[in-house]
Amino acid sequence: MENAILVRHLDIIKIEIDFSDINNIYSALNASSLSTVHTAKTQELSNKLGVHLMGFVDRNGDDVNNEKACALSGYDYIGSFMLLCKTDRNFNPLPLSEKEVNLVFDHLNPNKEETKQEVEDNEYERFCKEYGFRPVLPNFPIKLEFFRKEGVPYVLIARYNFNEVKENDYKAFLDALYKYSSILIDEFKDVDGVKLSSDEKYYLHCYNEENSSTSGYNYIFIQVNDDSNIIIKNPKSIVDVMFKGKEKEYEHVDLEDALEETL
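The rules we used
Residues numbered from 1 in each chain as written. Predicted model: local features only at pLDDT ≥ 70, side-chain atom pairs only at ≥ 80, totals over all residues. Heavy atoms only, no water. Helix = DSSP H or I, 4+ residues; strand = E, 2+ residues; numbered from the N terminus. Contact = heavy atoms within 4.5 Å. Areas by Shrake-Rupley, 256 points an atom, 1.4 Å probe, with all protein chains shown as cover. Buried < 20%, exposed > 50% of the residue type's maximum accessible area, 1.4 Å probe, protein only. Phe/Tyr/Trp six-rings, centres within 6.5 Å; stacked < 30°, edge-to-face > 60°. Lys NZ or Arg CZ within 6 Å of the ring centre and 35° of its normal. Axes fitted to C-alpha atoms, helices over the stretch in contact; angles between N-to-C directions. Left-handed = near helix turned anticlockwise from the far one by under 90°. Nonpolar A, V, L, I, M, F, W, Y, C, P; charged D, E, K, R; others polar. Polar contact = N/O pair within 3.5 Å; in protein donor to acceptor, adjacent residues only side chain to side chain. Core = buried A, V, L, I, M, F, W, Y, C linked by side-chain atoms within 4.5 Å. Arc of directions from axis to C-beta. Salt bridge = Lys/Arg side-chain N within 4 Å of Asp/Glu carboxyl O. Pairing = 2+ DSSP bridges.

**Q** Which parts of the structure should I look at to understand the overall build of the chain?
**A** The helix and strand tally for the chain stands at nine helices and twelve strands. Within the chain, counting contacts between residues at least 6 apart in sequence, those at least 24 apart form 57% of the total. Carbon and sulfur atoms make up 45% of the accessible area of the chain, which totals about 13,900 Å².

Put into structure tokens, the structure is as follows:
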């Protein structure tokens, strides 16, 4: 059950966190260190809703400014997602009840309709909940979409439209790209050209359909690491079949087979 609010750059969503272990908050924010957010603005919101709220952000976050998080906290710059939860008098992080999470979410999304259904349909959240981890993804200042194919639920495809990179976001985009590349190099293992997370829970395979890093689409394949050691080796054929309607050109490529090429 969702028990916290995640304030992202482009939207605000409900998520489920196990607050018995502080490391789960680190994972939700992809953070190496945390800062608490308990300001006059958050206290104002707490008094208004009758729920004592506290936020967490990545202390070292240096991505594009999260304006939604700034508006909630009163800060001028927050370079990461922000997690909102409940707290007691000793500032221990606590889960929101179902009623409280809906109350906070509805207040922060006053113009949204069918928000519960939208969250339920969020492939990323369903994937994370099903497999128990949150993959590291770049914070590009552009829309991110998630896809899963029936028959291969253990693979999640993240797609960025690089054509939507605005000129004034170009520096933030390059900074996010550099930071993400550094994370892949420093924190992931190379397994036959595919990246394996340090905890060995999942593989990442990045695929850019164009030569330029700022045109076309970029895909990040996220695949659960299970006992079969299945990894993706042919992302182009998968992209062509799933997104470009080239089934005839790739008649010899079965999507499930492409996804199930073994080491």
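What follows picks up the thread again.
**Q** I'm lost on unusual backbone geometry in this one. Help?
**A** With glycine set apart, most residues show a phi of negative sign, and most peptide bonds adopt trans. Positive phi values are uncommon outside glycine, yet Phe91 reaches one of about 60 degrees. Relative to the elements of secondary structure, Phe91 occurs in the loop between β5 (82–87) and β6 (93–94). In this structure Phe91 comes out as partly exposed when scored by relative accessible area, which is 42%.

**Q** Before we go on, may I ask you to explain the packing of aromatic side chains in this structure?
**A** The geometry of two aromatic rings is summed up by the distance between their centres and the angle between their planes. Taken as a whole and assessed by the stated rule, the structure comprises seven aromatic pairs. Ring plane angle 40 degrees and centroid distance 6.3 Å describe the contact between Tyr217 and Tyr219, whose orientation is recorded as tilted. What makes Tyr217 partly exposed here is its relative accessible area of 24%. One aromatic cluster is present, built from ring pairs that chain together Phe127, Tyr131, Phe133, Phe188 and Tyr202. Positioned over the ring face of Tyr217 is Arg159, at 4.4 Å from the centre of the ring.

**Q** What is the right way to look at the packing of helix α2 (residues 40–49) against helix α4 (residues 98–108) in this model?
**A** For any two helices packed against each other, one specifies the crossing angle of their axes together with the interaxial distance. α4 packs onto α2 with a crossing angle of 115 degrees between their chain directions and a minimal axis gap of 11 Å. Here α2 and α4 pass one another in a crossing that is right-handed. Touching Leu45, Lys48 and Leu49 of α2 are Leu103, Val104, His107 and Leu108, all from α4. Here the residues of the contact of α2 with α4 sort into five nonpolar, one polar and one charged.

**Q** Help me out: how do you make sense of the side chain of Ser46 in this one?
**A** Its place among the elements puts Ser46 in helix α2. The exposure class assigned to Ser46 is buried, which follows from its relative accessible area of 7%. One polar contact links the side chain of Ser46 to the main-chain carbonyl oxygen of Val51, over a distance of 3.2 Å. The contacts of Ser46, once residues within four sequence positions are left out, are Val51, His52 and Leu53.

**Q** Just to check I follow, could you spell out the nonpolar core for this structure?
**A** The tendency in soluble globular proteins is for nonpolar side chains to be buried as a group. By size, the foremost hydrophobic cluster in this structure holds 34 residues, and its most contacted members are Leu137, Leu204, Ile220, Phe221 and Ile222. At the level of elements, α6 (123–131), β8 (152–161), α7 (170–187), β11 (202–208), β12 (217–224) and α8 (235–243) are the ones that each hand at least two residues to this core. The element contributing the most residues to this core is β8, with seven residues. What Ile222 contacts, discounting residues up to four positions off in sequence, is Phe127, Phe133, Pro135, Leu137, Tyr154, Val155, Leu156, Tyr202, Tyr203 and Leu204.

**Q** Explain α4 to me, please; I cannot follow it from the model alone.
**A** Side chains of residues three or four places apart in an α-helix project in the same direction, reflecting 3.6 residues per turn. Buried within α4 are the following residues: Glu100, Val101, Val104, Phe105 and Leu108. End-on, the buried residues of α4 take up no more than an arc of 125 degrees, which puts them together on one face.

**Q** Would you explain the pattern of salt bridges in this entry?
**A** A side chain of one charge can pair with a side chain of the opposite charge when the charged atoms of the two come close. Counted by the stated rule, this structure contains ten salt bridges. Residues Arg159 and Glu145 are paired through a salt bridge, measuring 3.1 Å at the closest nitrogen-oxygen approach. With a gap of 14 residues between them, Arg159 in strand β8 and Glu145 in strand β7 (residues 144–149) connect regions that are remote in the sequence. Between Asp175 and Lys171 there is a salt bridge whose closest N-O contact spans 3.0 Å.

**Q** Sorry, what's going on with the pairing of strand β2 (residues 12–15) here?
**A** Working note: regular strand, side chains alternate between the two faces of the sheet. Residues Ile12 and Lys14 of β2 are buried on one face, and the alternating residues Ile13 and Ile15, pointing to the opposite face, are buried as well. By the bridge criterion, four bridges tie strand β1 (residues 4–7) to β2 in an arrangement that is antiparallel. Within β2, the position partnered with Leu6 by the bridge is Ile13. Connecting the antiparallel pair β1 and β2 is a turn made up of four residues.

**Q** Would you take a moment to explain the environment of Arg134 for this structure?
**A** Along the chain, Arg134 turns up in the loop between α6 and β7. Between the alpha carbons of Arg134 and Ser27 there is a distance of 6.7 Å; along the sequence they are 107 residues apart. Beyond its immediate chain neighbours, meaning those up to four positions away, Arg134 contacts Ile15, Ser27, Ala28, Asn30, Tyr124, Glu125, Cys128 and Tyr202.

**Q** What is the right way to read the pairing of β8 from this model?
**A** The element β8 is extensively covered by neighbouring structure, given that nine of its ten residues are classed as buried. In this sheet, β8 lies alongside β7 in antiparallel orientation, the contact comprising five bridges. Bridge assignment links Phe147 to a residue of β8, and that residue is Ile157. Pairing of β8 with β12 involves seven bridges; the strand directions are antiparallel. If you follow Val155 over to β12, its bridge partner there is Gln223.

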